[in-house]
Amino acid sequence: MRESTSQADFWRRALVVLALLASAGVSGSDWESLNKDGIHDPRSPAIQQLQQPADALSKLTPDTAGNMVRWVQSLEKGEINPRANIRPDTKIRVYDSDVLLNLKGGMPIVRFPHRQHTLWLDCVNCHDQLFKAEAGATKFSMLKILEGEQCGVCHGAVSFPLTECFRCHSVARPGQAPRPSLPIAIPSGAVPPK
Ligand code: HEC
Ligand code: HEC
Ligand code: HEC
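Residues numbered from 1 in each chain as written. Chains lettered and ligands numbered in written order. Predicted model: local features only at pLDDT ≥ 70, side-chain atom pairs only at ≥ 80, totals over all residues.

Asks: Help me out: how do you make sense of the overall build of the protein in this one?
Replies: When helices and strands are tallied, the protein shows six helices and two strands. Split into buried and exposed, the 194 residues of the protein put 10% on the buried side. At a minimum sequence separation of 6, the contacts of the protein that also span at least 24 residues come to 45%. (Helix = DSSP H or I, 4+ residues; strand = E, 2+ residues; numbered from the N terminus. Buried ≥ 20, exposed ≤ 12 C-beta atoms within 10 Å, placed from the backbone. Contact = placed C-beta atoms within 7 Å.)

Asks: I would appreciate a short explanation of the nonpolar core in the present structure.
Replies: For soluble globular proteins, nonpolar side chains are generally found buried alongside one another. In this structure, Leu101, Val110, Met142, Ile145, Leu146, Cys151, Leu162 and Cys168 together form the largest nonpolar core, which totals eight residues. Beyond its immediate sequence surroundings of up to four residues, Ile145 is in contact with Gln150, Cys151, Gly152 and Leu162. (Core = buried A, V, L, I, M, F, W, Y, C linked by C-beta atoms within 7 Å.)

Asks: Sorry if this is basic, but what is going on with the site of ligand 2 here?
Replies: Surrounding ligand 2, one finds 22 residues, the nearest of these being Tyr95, Ser97, Cys123, Cys126 and Thr138. Listing elements by their share of the shell around ligand 2, those giving two or more residues are strand S1 (98-101) and helix H4 (114-118). No other element matches the three residues that H4 contributes to the shell around ligand 2. (Near = placed C-beta within 6 Å.)

Asks: Hey, could you run me through unusual backbone geometry in this one?
Replies: Note: most residues except glycine have negative phi, and most peptide bonds are trans. Cis geometry is found at the peptide bond from His127 to Asp128, where omega equals -5°. On the secondary structure map, Asp128 appears in the loop between H4 and helix H5 (142-146). For Asn102, which is not glycine, the phi dihedral falls at a positive 65°. Judged by the 18 C-beta atoms lying within 10 Å of it, Asn102 is partly exposed. Even without being glycine, Gln150 reaches a positive phi, approximately 50°. Here Gln150 shows up in the loop between H5 and helix H6 (165-168). A residue is classified by how many C-beta atoms lie within 10 Å of it, and Gln150, with 21 of them, is buried.

Below, the structure is given as structure tokens:
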């Protein structure tokens, strides 16, 4: 964000996308029963055979957003043990390296943790289609993320939603509060906070 007009524009567009995400029920919903989820046929006898999402998910470490499960913690505590490979010769690669992004912005710095991602994903899920495998080589944009690109390919879709700003913006800059307040509305003509 180089100057105030583009910042005001950023917040206006970001708030529109966030309002859409919230109204679409992407975050903070309880588990819908299979009979009511609009995907399964409630008249089918097979529905009795299936486990209800609430039965399966309520036993895992709870979250306050998205599908209400803290998936990384659940995995690390051994509550779930997903199968990593089908073929025995598949190489499982876990990479333990954090990348700090957004070094020049006004929000807290973004810490991208490789380890937690490669517990679920392989390198090719991200490299090099989504991101270059070189710190600082990708041009990131929060608007693109909100529009479902970059981190937004997964976050807001299959992993925790974009309303959880400080799970990504997790490293405070010197002298910055860990969770600076966000503008909830932008009066016309006002310059949003940095
Ligand atoms: C999935 C991770 C993720 C989430 C969640 C997320 N961001 Fe970001 N955000 C990023 C990344 C990565 C960048 C880096 C873009 C860049 O380098 O300019 C960024 C950049 C930004 C920027 C521009 C740079 C700056 O610091 O001024 C703003 C503003 C911003 N985010 C606000 C938010 C707000 C507000 C939320 C919550 C509503 C949010 N972000 C949620 C990952 C995220
Ligand atoms: C969920 C997405 C994702 C996955 C999966 C992923 N990476 Fe990355 N990787 C990133 C991002 C984002 C960056 C930072 C890119 C930038 O700054 O332009 C990065 C940067 C890197 C870098 C340069 C910085 C550093 O930490 O050394 C290397 C090397 C790298 N990745 C290797 C790997 C390897 C090896 C794997 C698989 C074991 C992997 N990555 C899996 C997203 C991912
Ligand atoms: C290919 C899919 C994918 C992409 C792209 C992706 N993530 Fe994730 N991310 C995941 C999954 C899956 C998890 C684990 C499930 C969850 O926490 O919801 C996760 C978890 C996280 C966590 C939480 C780790 C923890 O300890 O709880 C952070 C922080 C995060 N991602 C940041 C980012 C940022 C920043 C980007 C973009 C630079 C990004 N992710 C891109 C899939 C992705």
